[in-house]
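Each chain is listed here by its residues.
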Amino acid sequence: MIRLDDVIELLGKNHPNSDPDLVRRAYVFSAAAHRGQTRRNGEPYLVHPLEVSHIVAELRLDAASVCAALLHDTVEDTVATIDDIRAQFGDDVAFLVDGVTKLEKLNFNSAEEAAAENFRKMLIAMSRDLRVILVKLADRLHNVRTLTHLNPDKQRRIARETLDIFAPLANRLGINWVKTELEDLCFKYLYPEEYRELAELIKKTRREREQYIDRVIEVLDTELKKHDVHAEISGRPKHLWSIHQKMKISGQGFDNLFDILAFRIITSRLSECYEALGHVHSLWKPVPGRFKDYIALPKPNGYQSLHTSVMGPESERIEIQIRTMEMHQFAELGVAAHWAYKEGQYGLTGKEAADKFAWLRQLLEWHRDLQDPTEFMETVKVDLFADEVYVFTPKGEVKAFPRGATPLDFAYSVHTDLGHECTGARVNGMIVPLRYELQNGDMVEIIRTAGSKPGRDWLQIVRSGRAKAKIRAWLRLEARDRMLRIGEELVEKELRKYNLSLGKLRKAGKLLEAAQKHRFRSEGECLVALGYEKLRVDTLLPDLVPPERLSTPPAPVQEGAFSKVFKKIMPRREGGIVVDGMDDIATVFPKCCSPVHGDPIVGFVTRGRGVTIHRKDCPQVVNYDPARRMDVHWDTQSRQIRPVEIRVYSVDTPGLLASISQSFHSAGVNISAVNCRTTPEKRAVNNFTVLVNDLDQLKRVMAMIEKIEGVSSVERLAT
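Scoring rules and cut-offs
- Residues numbered from 1 in each chain as written.
- Predicted model: local features only at pLDDT ≥ 70, side-chain atom pairs only at ≥ 80, totals over all residues.
- Heavy atoms only, no water.
- Helix = DSSP H or I, 4+ residues; strand = E, 2+ residues; numbered from the N terminus.
- Contact = heavy atoms within 4.5 Å.
- Core = buried A, V, L, I, M, F, W, Y, C linked by side-chain atoms within 4.5 Å.
- Buried < 20%, exposed > 50% of the residue type's maximum accessible area, 1.4 Å probe, protein only.
- Patch = residues over 30% accessible without salt bridge, like charges linked within 9 Å, V, L, I, M, F, W, Y side chains within 5 Å.
- Areas by Shrake-Rupley, 256 points an atom, 1.4 Å probe, with all protein chains shown as cover.
- Salt bridge = Lys/Arg side-chain N within 4 Å of Asp/Glu carboxyl O.
- Pairing = 2+ DSSP bridges.
- Axes fitted to C-alpha atoms, helices over the stretch in contact; angles between N-to-C directions.
- Parallel < 35°, antiparallel > 145°, perpendicular 65-115°, else oblique.
- Left-handed = near helix turned anticlockwise from the far one by under 90°.
- Nonpolar A, V, L, I, M, F, W, Y, C, P; charged D, E, K, R; others polar.
- Phe/Tyr/Trp six-rings, centres within 6.5 Å; stacked < 30°, edge-to-face > 60°.
- Lys NZ or Arg CZ within 6 Å of the ring centre and 35° of its normal.

Here's the deal with the side chain of H34
At step 1: Position of H34 relative to the elements: it lies in the loop between helix 2 (20-33) and helix 3 (47-58).
At step 2: Excluding residues within four positions of it along the chain, H34 makes contact with Y45, D73, T74, D77 and T78.

Details of the nonpolar core
Note on soluble globular proteins: their nonpolar side chains tend to be buried together.
At step 1: Formed by 70 residues in total, the largest nonpolar core has its most connected members in V23 and I85.
At step 2: Ranked by the residues each element gives to this core, the list is headed by helix 6 (residues 82-100), at nine residues.
At step 3: Membership of the second largest hydrophobic core comes to 34 residues, among which are L495, L500, L541 and M630.

Quick look at a nonpolar patch on the surface
At step 1: A surface patch of nonpolar side chains, amounting to about 230 Å² of accessible area, comprises L657, I671 and V674.
At step 2: In this structure, I671 sits in strand 18 (residues 670-678).

Regarding the sheet that holds strand 10 (residues 444-448)
At step 1: The sheet built from three strands is open, its strands ordered 9-8-10 with antiparallel pairing. At either end of the open sheet lies a strand with only one pairing partner, and these are strand 9 (430-432) and strand 10. Averaged over all neighbouring strand pairs, the angle between strand axes comes to 35°, with direction disregarded.

Structural notes on unusual backbone geometry
At step 1: One non-glycine residue, R60, adopts positive backbone phi at about 70°.
At step 2: Note that R60 resides in the loop between helix 3 and helix 4 (63-71).
At step 3: Of note, the phi angle at R519 is positive, near 70°, even though the residue is not glycine.
At step 4: The topology assignment puts R519 in the loop between helix 24 (510-517) and helix 25 (523-531).
At step 5: Take R519: its relative accessible area is 80%, and that puts it in the exposed class.

A few points about the packing of helix 3 against helix 8 (residues 131-145)
Packed helix pairs are specified by the crossing angle of their axes together with the interaxial distance, meaning the distance between the axes.
At step 1: Running from N to C, helix 3 and helix 8 point in directions that differ by 125°, and their axes come no closer than 9 Å. The pairing of helix 3 with helix 8 is recorded here as oblique in orientation. You can see that helix 3 and helix 8 cross each other, and the crossing is right-handed. Residues H48, E51, V52, I55 and V56 of helix 3 form the contact with helix 8, whose own contacting residues are V135, A138, D139, L141, H142, N143 and R145.
At step 2: Along the lines of polarity and charge, the residues of the contact of helix 3 with helix 8 split into six nonpolar, three polar and three charged.

Considerations on helix 20 (residues 407-414)
At step 1: Among the eight residues that make up helix 20, six are buried, leaving the element largely enclosed by the rest of the structure.
At step 2: Within the span of helix 20, buried status applies to P407, L408, D409, F410, A411 and Y412.

Thoughts on the packing of aromatic side chains
At step 1: Throughout the structure, instances matching the rule amount to nine aromatic pairs.
At step 2: Aromatic side chains F29 and F89 sit 5.7 Å apart centroid to centroid with 85° between the ring planes, which places their arrangement in the edge-to-face category. In this pair, F29 is assigned in helix 2 and F89 in helix 6, connecting sequence segments 60 residues apart.
At step 3: Of the residues examined, F29 reaches a relative accessible area of 15% and is grouped as buried.
At step 4: Through a chain of ring-to-ring contacts, the aromatic side chains of F187, Y191, Y195 and W241 assemble into a single cluster.
At step 5: The ring of F589 is capped by R642, whose NZ or CZ atom sits 3.8 Å from the centre of that ring.

A few points about the pattern of salt bridges
At step 1: Scanning the entire structure with this criterion turns up 29 salt bridges.
At step 2: In this structure, R140 and E161 form a salt bridge, with 2.8 Å as the shortest nitrogen-oxygen distance. With R140 in helix 8 and E161 in helix 9 (residues 152-172), the pair connects residues that are 21 residues apart, well separated along the chain.
At step 3: A salt bridge links E523 to R506; the shortest N-O distance between them is 3.3 Å. Residue E523 is found in helix 25, and its partner R506 is found in helix 23 (residues 502-507); the two are separated by 17 residues along the sequence.
At step 4: Looking at R506, the relative accessible area reads 29%, which means it is partly exposed.

Looking at the sheet that holds strand 13 (residues 601-605)
At step 1: The strand order 12-14-13-15 describes an open sheet built from four strands, whose pairing is mixed. Strand pairing shows two members of the sheet lacking a second neighbour, strand 12 (587-588) and strand 15 (629-630), which therefore form its edges.
At step 2: As judged from the two bridges shared by strand 12 and strand 14 (residues 611-615), these two strands associate in the parallel manner. Across the sheet, residue T587 finds its bridge partner in strand 14, namely V611.

Some points on the environment of A57
At step 1: When you line up the elements, A57 lands in helix 3.
At step 2: Considered as a pair, A57 and L10 are 47 residues apart in the sequence and their alpha carbons are 6.2 Å apart.
At step 3: When residues no more than four places from it in sequence are discounted, the contact partners of A57 are V7, L10, L11, N14 and V66.

Printed below as a string of structure tokens:
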């Protein structure tokens, strides 16, 4: 078990000028606060913060970070407050503890919302001081190490969150050993059978694998020394989660899996990296397409190394990584190693730090733009932690995107307006469609057209969180503006019946008073609510129309004004329906009554989807606001095939179903679905979903079926 002296010794090794007394006081404070508390395994709770503080010291963080690790649960789980910590340990430690503390004392609508808000809080703290997330990672690592004593459901929930969020975060921060351990531990709890099976296979082949690794190291060492290249060489199998992912992607079993052994060559100088690469390729043939130069083109987290796969001894494929000692330290410790060289610079200050952590600025941008917790967490998971491709701007700058990104993602990464007005792209000088998936090394140039606007289908094209957020924001704003104008017209239309003007009521402040009475902060919010049908016009009228006018019958109003505004506002598409004399308004056919050409119909304005078309005898019609009613009729020049459901009652006789089907065929009606059942009384109930051109065709086929011997009745159903 870790002792406090172990933590202080490790801290002093990495930070000789640190204050051990500060750490001892934090330990005493934590011990007093957690006195009497135990963990699920029965050990004193203090063991947890002590273990976390040791992980923090392993990450080479300073004394304030170690203190924060010792104190990180005191505010959440004891009577201690942030003010208590600030008074005894200063602002620095208090800020770190507050950044790590969960928000469990607040009320959330769901566990997902709580997770999103906790993550938001950490992001804000990270923007000021990245030590916050490192303490949190250390906390999560020890929690996952000790999941054994929790129930299986909780084990899986914590493991899934860790694999989705915290392991990728460790990767982004460049802390490879934390990422690797988190992934393997989560693998154990999420897929226990696969984990045990793979661990057993690795154990069985351990002796042969170790002998093979020793042979490869000996060959490499001899070759490099022969050419006076000084390097440390090591070899190991890839970690279990990595092997599992390879098996899953390739669809191959363990025995047929290649490239599960990784060797590392650590040189003293940058030039020796490329020299060593040449000697490796002279020993064994490289695997085509498997060389990556992360030295010339570092990963977004700052990782640098040469990666190559070769056909090693016995024709076994192996991966070799080549880097300098400084690169290796950064690869293992990430930002913590960076801070070891830049003592005291923990925030996002300076161009170098800003470039290294551009991904964090993206997260903060999404934090501001995305209020919906589900959308926010989806964006974080999909974009921040995806495999990446690297492309070039026309000026030669490198940009990283999630794999599967398109020119639209590129456009939005440059500027929001460029994304909105993107109509095409040139990739490597060739014009490509917007759905083209960017490849490593592509040079991208955006074609823009002034006045162009995003479409909802763009959300299916883009992959990056920034692009999705900007498109969603534009669509929300456009929908709000449209609903605002519809709301204005609905009110104006009703007010004209009483010889009143919306403009004059606005100037007099009456509309604002009415909006505030209904608990809206502004006139605009009220009108948008009308457009979205969250508020009915007749509910608002008593607050706008004087009582004496409201009690008298309204004057007849000439129709057409609403239709003109509606035509300008709503999206256009052909639908076989003429709305108030307009044949290009978007229409929606509900399933409640399934109208077909020839049915008496009525239309109602819906929430941003155009006009919904019902049969006049549909029971749902009474639920709509009469102010939203639109005069509609079928377009005589356009016929669209519509689905209708018919029920046929008959005796249960062999061959009867074939006769009914023949009637449909003779009438030129296609059957899209059939559901037949029989009753104990030897009766049959047959439901047919058919596609008809118009009401006449429907009536004709129903009459034909009624004449069939054995059919008792035919009726049309609402679906």
